[in-house]
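# Results of the structural survey
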Protein chains: 2
Amino acid sequence: MNIIGVGSTKFSEHWDRGIKELIDEAVKNALKSSSLDIKDIDSLYVANCFGNTINGQGNINALCSDMFGINNSTAINGGDSSGSQAIIQAANSIAARNSKIALVIGVEKMSDLGVNEASSVISQVTDYDYEASQGATLASLYAMITSQHMKEHKTTLGQLGMVSVKNHANAANNDMAQFKFAIAPEDIAKSQMVATPLRVLHSAATGDGCCAVVMANDEIAKKHKEKIKLIGHGTGSDFLAVHEREDITTFNALKYASKVAFEKAKIKPHNISFAELHDVFSISELMSIEDVGFVKKGEAARFVEQGKANIDGEISINPSGGLKGCGHPFAATGVRQAIEVFYQLNNNAGKRQVKNAKYGLTSTLSGTGSTAVVAIFSK
Amino acid sequence: MNIIGVGSTKFSEHWDRGIKELIDEAVKNALKSSSLDIKDIDSLYVANCFGNTINGQGNINALCSDMFGINNSTAINGGDSSGSQAIIQAANSIAARNSKIALVIGVEKMSDLGVNEASSVISQVTDYDYEASQGATLASLYAMITSQHMKEHKTTLGQLGMVSVKNHANAANNDMAQFKFAIAPEDIAKSQMVATPLRVLHSAATGDGCCAVVMANDEIAKKHKEKIKLIGHGTGSDFLAVHEREDITTFNALKYASKVAFEKAKIKPHNISFAELHDVFSISELMSIEDVGFVKKGEAARFVEQGKANIDGEISINPSGGLKGCGHPFAATGVRQAIEVFYQLNNNAGKRQVKNAKYGLTSTLSGTGSTAVVAIFSK
């Protein structure tokens with residue numbers, strides 16, 4: 001299965017635009033990129049988490065089908081990893097010969113929420129009974145995970161900060177990033193506390209954005225010069241609530257998903273040139289580096305600190321700027337990651353181009369890691 | 001692709017139970033029906049519309065993965081047809097060899113909403129910009145559709161009532177039905193007005209319920225005595241808002257979905273023994289009978305009136321009792337329909353058994369028909 005075209009809006013607080021306008025822009029860009037007409041599309045997968053709650057709009061696949069006149073549409077709502085889930089469902093549909101050319105859309109319009117509402121809405125991706133209804137927020141849960149990782153693996157606040165510094169440096173070269181600017185290590189300790197020890201500059205912000213990719217079978221992809229091939233993917237699960245996990249410093253869902261994806265792709269972690277990982281908080285990038293298998297448990301912090309995750313490092317992590325730099329409109333993120341892989345593997349990533357990029361990996365996590373989706377692409 | 005086991009809760013107002021308890025019961029019943037252990041399941045598709053809004057629980061696939069220890073889970077949220085969408089995605093996953101045995105769950109826990117809240121939440125499946133935000137409810141939109149159908153096709157209130165009378169008569173023999181009792185034609189005019197001319201007894205009620213089916217590839221299904229085979233399916237789309245449609249008395253999405261499904265199944269509408277159609281309001285059963293192609297446009301009302309849609313009629317429509325008799329916990333409905341087909345084609349439907357049933361069809365609609373999913377099964 002292949003991606004033959006990509007498009008997106010800028011991630012931002014789009015106060016002056018509705019969800020339809022965001023979808024329209026991303027889809028037009030994706031069609032342009034693939035040199036296809038909307039009439040060539042025969043199926044539609046739309047990922048969206050909060051349409052019901054924030055925008056009053058459910059069955060968002062119907063909204064998109066309406067806008068573009070496409071039958072055969074499905075909506076995915078599985079938390080932060082929804083965009084990645086949609087890509088996999090589209091790939092399944094093509095493999096099952098129910099589709100030849102599928103359009104995958106990940107969209108979220110979150111800025112209409114106030115700050116206090118946002119925390120409570122975002123908590124929908126945690127466990128309601130044991131976490132959200134007790135007042136736990138996504139940030140507070142990740143704060144506990146961070147503290148435990150710091151205790152067990154001697155990870156320092158300075159090292160955590162280096163994740164954000166690296167990702168902002170990358171985002172500074174990414175036009176679609178919501179936070180297109182570099183930050184200095186000393187900025188982090190000055191930023192507002194969110195949930196001890198996590199500050200604003202350890203945390204990805206929600207926002208508005210839409211990403212779209214066009215997927216096609218091998219026969220059609222052959223005719224396209226710019227493309228990437230999905231050579232393996234895996235989806236793993238863990239306990240929904242953090243307290244149920246034996247070791248909260250490991251994403252078991254991600255370990256499983258990575259194992260399956262690498263088996264299917266028939267390559268090893270060290271073959272990966274760059275990876276887009278789920279840095280919703282700095283700690284989740286570090287744990288992802290470990291749990292995908294790039295380094296051993298407890299070694300990610302030094303890996304980042306030593307610059308090995310930089311664009312010119314051993315394995316570039318989040319060359320796009322990641323969730324921290326780009327922003328995190330939930331269901332759009334998985335699709336955004338695939339777009340970055342498309343740019344990188346087609347040598348179109350400009351100043352943030354990873355040299356000799358051959359294999360790119362994406363990984364998204366829902367909530368605190370209850371679901372993980374890994375996808376591996378080659379040129 | 002095959003269904004090899006089915007299970008459900010009773011549809012009801014389950015005030016004393018949470019969404020997890022409902023899921024647990026349905027899944028246990030489905031596993032028992034399939035003589036499989038939970039460890040045999042390798043993937044999970046969960047359909048749910050209102051978890052975010054009503055239950056504070058997003059990524060409901062993670063909740064289910066947690067409960068049952070299953071990796072490879074995906075959540076579908078595409079309005080009333082979500083359950084049917086999930087069955088198709090599971091079938092795709094099996095066809096794409098990403099799964100051998102998949103569990104599909106459709107669940108909704110809606111009774112925690114008050115009556116006034118319910119109308120506004122349900123409106124999420126209509127068009128927010130042009131309908132819901134203007135105060136239109138699902139019932140008021142179907143009322144307009146009903147009035148237009150009555151005007152154009154001389155459909156009478158008496159004929160509309162016969163849909164409910166038939167479906168309640170069938171539900172009286174269905175233990176899982178929320179409204180397991182017969183009604184008389186004269187009861188309908190006495191029931192409360194919902195949106196002129198639609199009364200309570202023309203309208204399906206929301207509620208709580210969970211349905212689960214186990215799906216497997218042909219090789220595995222061979223070993224199972226009780227099973228049904230998915231031989232064709234289609235998904236169609238129409239304008240999301242009613243006012244945009246040229247003819248509001250036709251479900252264009254359903255016409256398209258049926259055409260595709262029949263082409264794949266290589267049979268014709270007259271080959272169908274019975275059909276589970278989306279009678280969210282009586283008018284939608286009549287329009288569905290027409291748009292699936294069982295009768296010509298405008299002839300469904302007489303078809304029902306003459307008893308041709310009865311259990312012993314030409315083509316039995318909603319032998320289960322339909323949405324009217326069983327209740328309509330949104331995302332559970334599409335899965336419930338497949339369960340009825342499983343019972344009927346395996347000759348296990350008891351007093352509501354359709355004689356010599358060979359082919360069964362299911363059809364769900366999202367909102368006022370923006371999405372339609374049709375599936376055709378054989379023994």
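Sequence order as written defines the numbering, with residues in each chain counted from 1. The lettering of chains begins at A and the numbering of ligands begins at 1, in the order of writing. Side-chain atom pairs in this predicted model are given and counted only at pLDDT of 80 or more, local residue features only at pLDDT of at least 70, and totals for whole chains, interfaces and linings cover all residues. As a convention, hydrogens and water are excluded, and side-chain values are obtained from all of the structure's heavy atoms.

With that out of the way, let us pick up helix α4 (residues 82-95) of chain B. Turn by turn, an α-helix covers 3.6 residues, leaving residues three or four places apart pointing in a common direction. Residue and element names in this part refer to chain B. Helix and strand definitions here come from DSSP, where helices need a minimum of 4 consecutive H or I residues and strands a minimum of 2 consecutive E residues; each element is numbered from the N-terminal end. An expected span of 1.5 Å times one less than the residue number is assigned to each helix. Under the 1.5 Å per step criterion, the end-to-end length of α4 is 20 Å for 14 residues, consistent within 8% with the ideal 20 Å. Extensive coverage of α4 is indicated by the burial of 13 of its 14 residues. Downstream of α4 by a residue or two, arginine 97 has a phi angle that is positive, lying close to 60°. Three exposure classes are used, based on accessible area relative to the maximum for each residue type with a 1.4 Å probe and protein chains only: buried under 20%, partly exposed in between, and exposed over 50%.

What follows is about the packing of helix α7 (residues 157-171) of chain A against helix α11 (residues 282-292) of chain A. All names here are of chain A. The interhelical angle for the contact between α7 and α11, taken along N-to-C directions, is 95°, at an axis separation of 8 Å. Comparing their axes, α11 and α7 come out roughly perpendicular. Contacts between α7 and α11 involve Leu160, Val163, Ser164, Lys166 and Asn167 on the former and, on the latter, Ser282, Ile283, Glu285 and Leu286. Three classes are used: nonpolar for Ala, Val, Leu, Ile, Met, Phe, Trp, Tyr, Cys and Pro, charged for Asp, Glu, Lys and Arg, and polar for all others, with Gly counted as polar. Here the contact of α7 with α11 is built from residues that sort into four nonpolar, three polar and two charged. Here, axes are lines fitted to C-alpha atoms. For helices the fit covers the stretch in contact, and angles between N-to-C directions go from 0 to 180 degrees. Each angle is binned into one of four classes, with values under 35 degrees roughly parallel, values over 145 roughly antiparallel, values of 65 to 115 roughly perpendicular, and all other values oblique. Two residues form a contact once any of their heavy atoms are found within 4.5 Å.

Residue and element names in this part refer to chain A. Within helix α5 (residues 115-122), burial applies to Ala118, Val121 and Ile122. For α5, the angular spread of buried residues about the axis comes to 90°, placing them on one side. Exposed positions of α5 whose direction lies more than 90 degrees from the buried face are Asn116 and Ser120. Check the buried side of α5 and you find it contacts α2 (51-55), α6 (138-153) and α14 (330-345). Think of it as the arc spanned by the lines of direction from the helix axis to the C-beta atoms.

The term disulfide refers to a covalent linkage connecting the sulfur atoms of a pair of cysteines. Residues and elements named next belong to chain B. Our working definition of a disulfide is a cysteine sulfur pair at a distance within 2.5 Å. Evaluated as defined, the whole model comprises zero disulfides over all chains. For cysteine 210, which is in no disulfide, the shortest distance to another cysteine sulfur is to cysteine 211 and amounts to 6.5 Å. Residue cysteine 210 is classed as buried on the basis of its relative accessible area of 0%. Just so you know, cysteine 326 is unpaired, no disulfide at all, and the nearest cysteine sulfur is the one on cysteine 211, 8.7 Å from it.

All names here are of chain A. We call Phe, Tyr and Trp rings a pair once their centres come within 6.5 Å, taking the six-membered ring for Trp, and we label the pair stacked below 30 degrees between planes, edge-to-face above 60, and tilted otherwise. Summed over the entire model, instances satisfying the criterion amount to six aromatic pairs over all chains. Both rings, one in tyrosine 142 and one in phenylalanine 281, keep their centres 5.1 Å apart while their planes meet at 40°; by these two values the pair is tilted. Separated by 139 residues along the polypeptide, tyrosine 142 in helix α6 and phenylalanine 281 in the loop between β9 (274-276) and α11 bring together distant segments of the chain. Phenylalanine 281 carries the same exposure label as tyrosine 142, and that label is buried.

All right, on to unusual backbone geometry then. Most peptide bonds adopt trans geometry, and most residues besides glycine take a negative phi value. Residues and elements named next belong to chain A. In this chain, threonine 196 is followed by proline 197 through a cis amide linkage whose omega measures 5°. Residue placement: proline 197 occurs in the loop between β5 (193-195) and β6 (198-199). Located in the positive-phi region is arginine 97, a residue other than glycine, with phi close to 60°. Among the secondary structure elements, arginine 97 is positioned in the loop between α4 (82-95) and β4 (101-109). Residue classification places arginine 97 among the exposed residues on the basis of a relative accessible area of 76%.

Let's shift gears to the domain arrangement of chain A. Residues and elements named next belong to chain A. These domain limits were set by an automatic method or by a database of domain assignments. When its domains are assigned, chain A resolves into domain 1 (2-113 + 207-221) and domain 2 (137-202 + 231-378). For domain 1 and domain 2, the distance between their C-alpha centroids amounts to 23 Å. On the domain 2 side, the residues contacting the 38 residues of domain 1 number 29 residues. Buried surface at the junction of domain 1 and domain 2, summed over both partners, amounts to about 2,400 Å²; 69% is from carbon and sulfur atoms. Buried area adds together the accessible area that both of two parts lose upon being put together, with accessible area traced by a 1.4 Å probe. Ranking the residues of domain 1 by area buried against domain 2 places Phe11, Asp80 and Ile88 at the top, with a combined share of 31%. Whenever a carboxyl oxygen of Asp or Glu lies within 4 Å of a side-chain nitrogen of Lys or Arg, that contact is scored as a salt bridge. The interface formed by domain 1 and domain 2 contains zero salt bridges. Nitrogen and oxygen atoms within 3.5 Å of one another constitute a polar contact, given that in protein one can donate a hydrogen and the other can accept it, and given that sequence-neighbouring residues count only through two side-chain atoms. Taken together, the connections running from domain 1 to domain 2 amount to eleven residue pairs in polar contact (both at pLDDT 80 or more). Class assignment of the residues belonging to the side of domain 1 that touches domain 2 gives a composition of 16 nonpolar, 17 polar and five charged.

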